[in-house]
Amino acid sequence: ARAQYNYDEKYFVSGSFRRDASSRFHKNHRWGNFGSAGAAWLISNEGFLSGAEWLNMLKLKASYGVQGNDNLLSYYPYADQYSHSYNEDTGEYSTQLTYKGNEELTWESSHSFNVGVDFELFNGYLNGTVEYFSRKTSDLLYNKPVPLSSGNPTGTFPTNVGSILNNGFEVTLDGLFVKTRNVNWGWNVNLS
């Protein structure tokens, strides 16, 4: 589901929600809920900036959202998986564990927060975005190495481990050096 609303082309809000199921997880952990919310204020459309001819656009924005990941390089990482072989000399079949599953596996989730400013100045000669971002990924999906002495002959065990936090600032600037009828000469810079 997704909803968007704007009031008077100045104030904007949006939200989304999704409920996903993945057959990669055991039925007790199969479903995940993920959503997002965002808001923006187009300050340049306010009356108190109507006389600022140098300012074409100024927007303050913020968003928060959650995403899920189920990718663990196996279609059924919650289940034990076996291979079989046949011995022609004895006429017997045998099985061997090739993948040790984990029924407690669950969704890896990334929580993202962004806040920033978009602007356009001097009729497009200077445009940009300045943003702070923070992304925390938790319940990381990982094939953890285990010793053979653990009784697991595959050497790995799928599990959810730890979390990672990435945050910082990102600046994107672009514009024009020359803008004539026959020539547009532009530039851009991206820093993070």
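The structure presented is a predicted model; accordingly, all values stated were derived computationally and were not measured.

Rules used throughout
- Residues numbered from 1 in each chain as written.
- Predicted model: local features only at pLDDT ≥ 70, side-chain atom pairs only at ≥ 80, totals over all residues.
- Heavy atoms only, no water.
- Core = buried A, V, L, I, M, F, W, Y, C linked by side-chain atoms within 4.5 Å.
- Buried < 20%, exposed > 50% of the residue type's maximum accessible area, 1.4 Å probe, protein only.
- Contact = heavy atoms within 4.5 Å.
- Pairing = 2+ DSSP bridges.
- Helix = DSSP H or I, 4+ residues; strand = E, 2+ residues; numbered from the N terminus.
- Salt bridge = Lys/Arg side-chain N within 4 Å of Asp/Glu carboxyl O.
- Polar contact = N/O pair within 3.5 Å; in protein donor to acceptor, adjacent residues only side chain to side chain.

**Regarding the nonpolar core**
Grouped together as the largest cluster of nonpolar side chains are eight residues: F25, F34, V66, L72, Y99, L105, W107 and L141. Setting aside residues no more than four positions away along its own chain, L141 makes contact with F25, N69, D70, N71, L72, L105, T106, E108, T159 and N160.

**So, the pairing of strand β7 (residues 108-121)**
Note: strand β4 (residues 55-69) against β7, 14 bridges, orientation antiparallel. For L55, the partnering residue across the bridge sits in β7 and is L121. Pairing of β7 with strand β8 (residues 126-145), which is carried by 13 bridges, proceeds in the antiparallel orientation. When the sheet's bridge partners are listed, V115 is paired in β8 with Y132. Counted between consecutive antiparallel strands, the loop separating β7 from β8 contains four residues, among which F122 sits at a positive phi close to 55 degrees.

**Let's talk about unusual backbone geometry**
One non-glycine residue, D8, lies in the positive phi region at around 60 degrees. A positive phi angle is found at D139, which is not glycine, with a value near 55 degrees. Following the sequence through the fold, D139 ends up in strand β8.

**Some words on the pattern of salt bridges**
Between side chains of opposite charge, pairing is possible as soon as their charged atoms come close. By the definition in use, this model includes seven salt bridges. Of the charged contacts, one joins D20 and R18 as a salt bridge, the two residues approaching to 3.0 Å between their closest N and O atoms. The network of salt bridges with shared partners includes D8, K10 and E46.

**Some remarks on the side chain of T159**
In this structure, T159 sits in strand β9 (residues 156-179). Exposure remark for T159: the relative accessible area of 14% places this residue in the buried category. If sequence neighbours within four positions are ignored, T159 has contacts with N102, L105, L140, L141, Y142 and K144.

**Observations concerning the environment of D80**
Within the secondary structure, D80 sits in the loop between β4 and β5 (81-87). Between the C-alpha atom of D80 and that of N102, which follows or precedes it by 22 residues, the distance is 7.8 Å. The residues contacting D80, other than those within four sequence positions of it, are L97, Y99, K100 and G101. A polar contact of 3.4 Å, which involves the side chain of D80, links it to the side chain of K100.

**Topic: the environment of K61**
You can see K61 is positioned in strand β4. Along the backbone, K61 and L42 are 19 residues apart, and their C-alpha atoms lie at a distance of 8.5 Å. Beyond its immediate sequence surroundings of up to four residues, K61 is in contact with A39, A40, N114, V115, G116, D118, T129 and E131. Polar side-chain contacts of K61 include one of 3.0 Å to the side chain of D118.

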